[in-house]
Amino acid sequence: MSGGTARSPEAGSTFMDRLTGRVRLGGLLALAAPVLAIVFAGLITAVVLLVTGAPPVETLGVMVDYGVQPRPLTLALNLASGYYLSALAVAIGFRMNLFNIGVDGQYRLAALIAAAVGGAITLPAPLHVAAILLVAVLVGAGWASIAAVLKVRRGVSEVISTIMLNAIATALGSWLLNKDRFAVEVAGSNNIGTQPLGPSAQVPGIPLIPGTPLKVDGLIILAAVMGLLYYVVLNRTRFGFDLRATGRSEPAAVASGVNVKRMVLITMIMSGAVAGLAGMPNLLGESYSYSLNFPPGLGFTGIAIALLGRNNPVGIAFGALLWAFLDTSSNILQIHDISPEIVEIMKGAIVLSVIVAYELVHRYQIAAGQRRVSRELSGGPTVQAEGASA
Amino acid sequence: MLRNRFGRLAAAVVAGGMLMGAAACGGSEEPTTSAKPGAGASSAAPQEKGPKVGLAYDIGGRGDQSFNDAAAAGLDKAKTELSLADTKELEAGSGETEAAKEERLRLLAQGGYNPVIAIGFAYSASLKKVAAEFPEVKFAIVDDAAATGPNISNLLFAEHEGSYLVGAAAALKSKKEHIGFVGGVQVPLIQKFQAGFYAGAKKIKPDIQIDVKYLTQPPDFTGFNDPAKGKTAAQGMFDAGADVVYHAAGGSGGGVFEAAKAAKGLAIGVDSDQAKTAAADVQGVVMTSMIKKVDVAVFDFLKSFTSNSVKAGNTVYDLKAGGVDYSTTGGQIDDIKTQLDELKQKIISGEISVPDKTA
């Protein structure tokens, strides 16, 4: 019987289940998948580098040499905290089969409004930061709740509505980022942004990495805490169980008394709330203002990283760090006359490799399981240890 | 066989990279070596062969057929006419943070590149910061006056003045009393073009109808590089009855020209003389262009560097200085040239003051 229960979730799983990491690989296979992915990605990247005329080994050497120096390392950590929060927001939805493609719009709108509110008020330091974070969470959650309500009430696919809400967030953001509304002009500048945050809202950096005056954004702690929270809520609470159950099988969840509509609403709002935080490490740690230079696209990066990390908080952390490392190496590649676009190709290759490698290993596991069962059935009494007979 | 070995090698290197990431995660216990790329050594090296020039582009970089390319043209001219030891051109990635911009400038300054030129206002804050860290390096920034310092030269343009003239030209050439403006991205810089164009057209014909359309809103900057969007927007204006359309949309302008050709209308180019630089089959519809001489500004700055006469602070390239102008290639506006030159003189003398902000 034990052989049967171990096999059933695997054999009955869909591609989506395997893609989002709901089905676990056992034993050595869990190690084989990432190794295979690395081999694939390395191969693709090396071929592209060769074709473009850059030596693959030297190119990667340049990236690694630069990437381990204190300053680029700090830059990568700072980038990674935003990526991590964004990917967590995506992952929350993924675990319930909800595709929140709208993280991008949610974090941009949240950052803009939080920056405007933060610039307009003055409070003692911890309260000021808390107020800004609260506004960001509320705006992110509020914007996501539109898609949630549409889905629950009208059955609108959240994929469609969140993509459309991204476009609306862009338009709304640009309307708000105007000197008649949230923005202030800087004399002589063609940039435009919100009133810079006062010192009480600036989160001090952490001198985590010696050898550089650059500091790691203080809100990297927030990212870590959110990661821990994500793990605990999803794996150690009733709510997390319901969420995962709904993701696995909606009819089964309904049968066991889960209110699916309520779950959709809450999950989407939670995803939006975390999305609202994604812009905060940058806003409160570096830029102190939402301007034309505020980094866009974090939401889409988050989708790739969530896939890469297979919705696992530790996996996502690795994904975020890898992405940030690749991003920071763009400058040094150009110094060595290597096209920075190679970084984008690497990212694409990595995501594809991870998906393909895991799928291959899963299929191998399924096939191996089936072979074992058929062997047990035909061999009967010879396989004593397995106890295959029911 | 070869492929196999090669794959293993590549995999090993990538694995190394990932391990490095893991090491970063666990906190760095090993003493970090300070192997900064060519820190003091190369900048202190004798510069017998002239300066090493570093150029930092905005998104798009060399090859955008617009703003960045104009800067590249200035650099290319300097390469042939001034004896530059070396040049290095870096471009911005999409969605990067302020820190990445700083790092780009820092890498250049640290690598011994002096002077360093930043193309575009996006570098304002990062340039100010990095310039303070490298007081011995000269910096220049195009389109920004907010970054100030003893070693920063600000290269500014009076886009509104040039746009005023092409606005007047559009009004003079329009038979339907209806013209259009296509802006790339709705940012203050492009609104300067719009303000000048509007004022110039209204000066000639106070009742003229002016359609305005921006292709994208920030943070979506694709409006500068999306000919399809430019074509749709211009098509809409021509369909609504406009017969001359001015674009300040960088690479999207090609689409505006196509729409003008299809509608048998006229178009006005921007930044460079687009009757020469646009695709050959649409050059005929470009009646004039508002020229913004970023190439001249970049070259002038480099020249002043080689002759040791760099001026910190603002250098304004306006109509008076010949930094902006309208082009006459193709002879389509020869009949109104006297009127335009009259306006030009009035702006230069200060009799006409062109607004640089939209009402």
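Just so it is clear, the model here is predicted, and its values are computed rather than measured. Just so you know, the residues in each chain are numbered from 1, in the order the chain's sequence is written. As they are written, the chains are lettered A onward and the ligands numbered 1 onward, keeping that order. With pLDDT at 70 or above as the cut-off, local features in this predicted model cover only qualifying residues; side-chain atom pairs require 80 or more to be listed or tallied, and sums for whole chains, interfaces and linings still use all residues. For the side-chain quantities, the full set of heavy atoms in the structure was used; hydrogens and water were omitted.

Novice: So what exactly am I meant to see when it comes to the domain arrangement of chain B here?
Specialist: Interfaces are often sized by the amount of accessible area the parts lose when they come together. Residue and element names in this part refer to chain B. Domain annotation for chain B reports domain 1 (48-157) and domain 2 (159-292 + 328-349). Contacts are residue-level and defined by heavy atoms, with any inter-residue pair within 4.5 Å sufficient. With six residues of domain 1 at the contact, the number on the domain 2 side is seven residues. Buried area: the accessible area, evaluated with a 1.4 Å probe, that two parts lose upon being put together, summed over both parts. With both chains or domains summed, domain 1 and domain 2 bury close to 720 Å², and 58% of this area falls on carbon and sulfur atoms. Three residues, S66, F121 and F157, lead the burial of domain 1 against domain 2; their summed loss comes to 57% of the area buried on that side. Only one rule defines a salt bridge in this text: a Lys or Arg side-chain nitrogen within 4 Å of an Asp or Glu carboxyl oxygen. Between the two partners, domain 1 and domain 2, sit one salt bridge. The split into domains, and so the bounds of each, comes from an automatic or database assignment of domains.

Novice: Even after reading the chapter, I still don't get the domain arrangement of chain A, so can you show me in this structure?
Specialist: Residues and elements named next belong to chain A. Here the domain parsing of chain A yields domain 1 (1-54 + 339-390) and domain 2 (55-330). Placing a centre on the C-alpha atoms of domain 1 and another on those of domain 2 gives a separation of 30 Å. Between domain 1 and domain 2, the contact holds 24 residues from the first and 23 residues from the second. In this assembly, domain 1 packs against domain 2 so that about 2,100 Å² is buried in total across both faces, 66% of it on carbon and sulfur atoms. It is T20, R22 and K347 in domain 1 that bury the most area against domain 2; as a group they hold 28% of the surface buried on that side. Counting across the interface, domain 1 meets domain 2 through one salt bridge.

Novice: Got a minute to help me understand the packing of aromatic side chains in this structure?
Specialist: Pairing of aromatic side chains here covers Phe, Tyr and the six-membered ring of Trp, requires ring centres within 6.5 Å, and sorts the geometry by plane angle: under 30 degrees stacked, over 60 edge-to-face, intermediate tilted. Within the structure shown, the criterion is met by eight aromatic pairs over all chains. Between F197 of chain B and Y246 of chain B the ring centres are 4.9 Å apart and the planes differ by 35 degrees, which places this aromatic pair in the tilted class. Of this pair, F197 of chain B sits in helix α7 (residues 188-204) while Y246 of chain B sits in strand β8 (residues 244-248); the two residues are 49 residues apart in sequence, bridging distant segments of the chain. Under the relative-accessibility criterion, F197 of chain B is labelled buried at 1%. An aromatic cluster is present here, built from F181, F197, Y214 and Y246 of chain B joined pairwise through their rings. We count a charge as sitting over a ring when the NZ of a lysine or the CZ of an arginine lies within 6 Å of the ring centre and within 35 degrees of the ring normal. If you follow R181 of chain A out to its NZ or CZ, it ends over the ring of W175 of chain A, 4.0 Å from the centre. Directly above the aromatic system of Y113 of chain B lies the positively charged group of K52 of chain B, at a separation of 4.5 Å from the ring centroid. What counts as a helix is a DSSP run of H or I of at least four residues, what counts as a strand is a run of E of at least two, and both are numbered from the N terminus. Summary of the burial criterion: residues with accessible area below 20% of their type's maximum are buried, those above 50% are exposed, and those between are partly exposed, where the area comes from a 1.4 Å probe applied to protein chains only.

Novice: Help me out: how do you make sense of a nonpolar patch on the surface in this one?
Specialist: All names here are of chain A. Patches were defined on residues exceeding 30% relative accessible area and lacking a salt bridge, with like-charge contacts within 9 Å and nonpolar side-chain contacts (Val, Leu, Ile, Met, Phe, Trp, Tyr) within 5 Å. The accessible surface values rely on the Shrake-Rupley method and a 1.4 Å probe; as for residues, cover is taken only from the protein chains in view. On the surface, a cluster of nonpolar side chains totalling about 390 Å² of accessible area is made up of L28, L31, V35 and V39. Inspection of the secondary structure assignment puts V39 in helix α3 (residues 29-52). V39 gets classed as partly exposed once you look at its relative accessible area, which sits at 30%.

Novice: So what exactly am I meant to see when it comes to the packing of helix α5 (residues 70-94) of chain A against helix α15 (residues 313-335) of chain A here?
Specialist: For any two helices packed against each other, one specifies the crossing angle of their axes together with the interaxial distance. All names here are of chain A. Packing of α5 against α15 brings their axes to within 7 Å, and their N-to-C directions diverge by 135 degrees. In terms of orientation, α5 and α15 fall into the oblique class. Remark: the crossing between α5 and α15 carries right-handed chirality. The segment α5 lies against α15, with P72, L75, A76, L77, L79, A80, Y83, Y84, A87, L88 and A91 engaging P313, I316, A317, A320, L321, W323, A324, F325, D327 and T328. Gly counts as polar in this scheme, as do all residues outside two lists: the nonpolar Ala, Val, Leu, Ile, Met, Phe, Trp, Tyr, Cys and Pro, and the charged Asp, Glu, Lys and Arg. For the contact of α5 with α15, the class distribution of residues is 19 nonpolar, one polar and one charged. Only the contacting stretch of a helix is used when fitting its axis, a line to C-alpha atoms as for every element, and angles between N-to-C directions run 0 to 180 degrees. Any angle that falls under 35 degrees is termed roughly parallel, while one over 145 is termed roughly antiparallel, one within 65 to 115 roughly perpendicular, and all others oblique. Here a crossing is taken to be left-handed if its near helix is turned anticlockwise relative to the far helix by less than a right angle, and right-handed if that turn runs clockwise.

Novice: Is there a simple way to explain unusual backbone geometry in this structure?
Specialist: With glycine set apart, most residues show a phi of negative sign, and most peptide bonds adopt trans. Residue and element names in this part refer to chain B. In this structure, the amide linkage connecting N114 to the following residue, P115, adopts the cis form with an omega of 5 degrees. For P115, the position within the fold is in the loop between α4 (98-110) and β3 (116-119). For the bond running from P218 to P219, omega is 10 degrees, close enough to zero to count as cis. Summarising the element assignment, P219 is placed in the loop between β7 (209-216) and α8 (227-239). Here E177, not a glycine, exhibits a phi torsion of approximately 55 degrees, which is positive.

Novice: Explain the pattern of salt bridges here, please?
Specialist: Where charged atoms from two side chains of opposite charge come close, those side chains can pair. All names here are of chain B. Counted by the stated rule, this structure contains 29 salt bridges over all chains. The salt bridge partner of D341 is K337, with a shortest N-O separation of 3.0 Å. Within this pair, D341 and its partner K337 are both found in helix α12 (residues 337-349), separated by four residues, close to a single helical turn. On the basis of relative accessible area, K337 is assigned to the partly exposed category, the value being 32%.

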